[in-house]
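# Reading the structure
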Amino acid sequence: MKLWGGRFEEGPSEVFERFSGSLHFDKRLIHADIRGSQAFARALERVGILTAAERGQLVTAFDQLDAEARTPGFFEGAGDEDVHTLVIRKLGDKVGTLAEKIHTGRSRNEQVSVDIRLWLRGEVDNALGLMSALMEALLACAQRDPAAVVPGYTHLRRAQPVLWAHYLLAYFEMFARDYERLTQARTRVNVMPLGSGALAGSGFPFDREALARDLEFSGITGNSMDVSGDRDFALDFLYAASTAMLHLSRLAEDWILYSSEEFGWLELGDGVTSGSSLMPQKKNPDSLELIRGKFGRVFGDLSSLFMTMKGLPMTYNRDMQEDKEPLFDAADQLCGSLEMARQVVETAKLNPARPAQAAEESWVVATDLAEALARSGTPFHQAHKIAGRLVLESVRTGKKPSDWNAESLKAFAPEFTPECADVLNPSEGMKTREIKGGTGPKHVAAALADAESRLRQLRK
Ligand code: ARG
């Protein structure tokens, strides 16, 4: 069946049909298409195109279709151009010529917009739930080792000691922003386009606000031409998804490193790792590698839709049919990665002795030392130089910070005070960083409590 054809003397070629058909991917929108069409049937009743009985018959037939669409084989052998066409054909099988009224004053251009919006709204909600579950897992991970000290890195060189919990809370912040971005994208998804017609507005006086209420949209779109040519709401989602994937890829990279033999901080759960077909000893972090790899894919989805939309003349162009596969893919990869990351976090075990040792044997306390000197009156540039010389001397003679004490420090440079000896212990130096947003243990404990209440708030 076709939703057009009167103006043609010949049908489409087999090549063109094969090339242009979208049913094999847009069938995923079928439940959204049916829901939108049921609301549209009610709108048609309100403008007098359908009687109450006809509307009832259509809505019931749609309900049956919706159930059938969940059974295997439903789409088998269907040669329809797209999901919208298939739904109307199957409706015709049930209600006969009455099905021919359902498309009164409606265009597929607005129908595809409403379908994607309904579907995407559900995907965003799913992603938000998975995101908050991951955030919860990160907090639980922090609570398991609240006092663990690790070296923080810049340039992948040991920089300053931080609490493991402080490190995890950094990711909590990233995902909190992602949560916000997804929520913002949702507000632009959640606008009702029906009534726009093909591009000029419908020729029937639909109560668009009533349609919006019916489909639980928060408002209606403002311009029919904009509706036909607009996929900003999908781009907003793809950007939010890409940023979340970016953060996931960085967490994945960290944990691939931290769980390596070279670091030895983390033991990943057996259930999220795989072995080698050849090397019997291997326990590979494939789950994390896949999460890291999938960022490229999701960012590709974003750039794909950007490129599709670039320079399109107003309004709808068939190019826009290329919006769906990247969008579906991005939603799948984002949700899959969030779910996977949560399980990795839940099953990982920190071995706090290893990062503590890494912090102790390196000179991550050098900044604390220079600042302790500055606190007792040495100008910071001098303090920096003295601490630097102490590190150089220690590197030359193979000394760790713990090989020094108040006396030997004093002998090395008279500026050193007894407080300086305290901060040679990474856990002590951290206590000087009691500032909002810093790694001071009291502030980290407060930040953890705060994160927990923010998460509860998000979930409401
Ligand atoms: N399958 C089409 C799409 O996804 C539906 C809209 C078709 N509209 C049209 N004017 N050909 O974009």
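Look up: the structure comes first, before these words.
Just so it is clear, the structure is predicted and the values come from calculations on it, not from any experiment.

### Focus on the side chain of Thr439
Looking at the secondary structure, you find Thr439 in the loop between helix 18 (426-429) and helix 19 (441-459). Engagement of the side chain of Thr439 in a polar contact is seen with the backbone nitrogen of Leu163, the distance being 2.9 Å.

### Observations regarding the pattern of salt bridges
Tallying each qualifying case throughout the model produces 32 salt bridges. Of the charged contacts in the structure, one is a salt bridge between Glu81 and Arg318, with a shortest N-O distance of 3.7 Å. Residue Glu81 is found in the loop between helix 4 (52-68) and helix 5 (83-95), and its partner Arg318 is found in the loop between helix 11 (286-309) and helix 12 (324-347); the two are separated by 237 residues along the sequence. On the basis of relative accessibility, which here comes to 11%, the residue Glu81 falls in the buried class. Here Arg292 ties to Glu253 by a salt bridge, and the two come within 2.4 Å at their closest N and O atoms. Of this pair, Arg292 sits in helix 11 while Glu253 sits in helix 10 (residues 232-258), and the two are 39 residues apart along the sequence. For Arg292, a relative accessible area of 33% puts it in the partly exposed group. In this structure, a network of salt bridges that share partners links the residues Glu81, Asp82, Arg108 and Arg318.

### Comments concerning empty space enclosed by the protein
Applying the stated criterion across every chain yields a total of one cavity of 30 Å³ or more. Here the largest cavity is characterised by a volume of approximately 30 Å³. Taken together, the elements giving at least two residues each to the lining of the largest cavity come down to helix 6 (108-144) and strand 6 (349-350). Residues belonging to the lining of the largest cavity are distributed by class as follows: five nonpolar, no polar and three charged.

### Section: the site of the ligand
What surrounds the ligand is the set Ser22, Asp82, His84, Arg108, Asn109, Val112, Tyr316, Gln321 and Lys324. For the ligand, an oxygen atom lies 2.6 Å from a polar atom in the side chain of Lys324. When the ligand is considered free in solution it has 340 Å² of accessible area, and contact with the protein chains removes 86% of it. At three residues, the largest contribution of residues to the shell around the ligand is made by helix 6.

Analysis parameters
Residues numbered from 1 in each chain as written. Predicted model: local features only at pLDDT ≥ 70, side-chain atom pairs only at ≥ 80, totals over all residues. Heavy atoms only, no water. Helix = DSSP H or I, 4+ residues; strand = E, 2+ residues; numbered from the N terminus. Polar contact = N/O pair within 3.5 Å; in protein donor to acceptor, adjacent residues only side chain to side chain. Salt bridge = Lys/Arg side-chain N within 4 Å of Asp/Glu carboxyl O. Buried < 20%, exposed > 50% of the residue type's maximum accessible area, 1.4 Å probe, protein only. 1 Å grid on protein atoms, 1.4 Å probe; cavity = no way out; pocket = protein on both sides within 12 Å on 5 of 7 lines; lining within 4 Å. Points joined across faces, edges and corners; volume = space filled by probe spheres on them. Nonpolar A, V, L, I, M, F, W, Y, C, P; charged D, E, K, R; others polar. Near = heavy atom within 4 Å. Areas by Shrake-Rupley, 256 points an atom, 1.4 Å probe, with all protein chains shown as cover.

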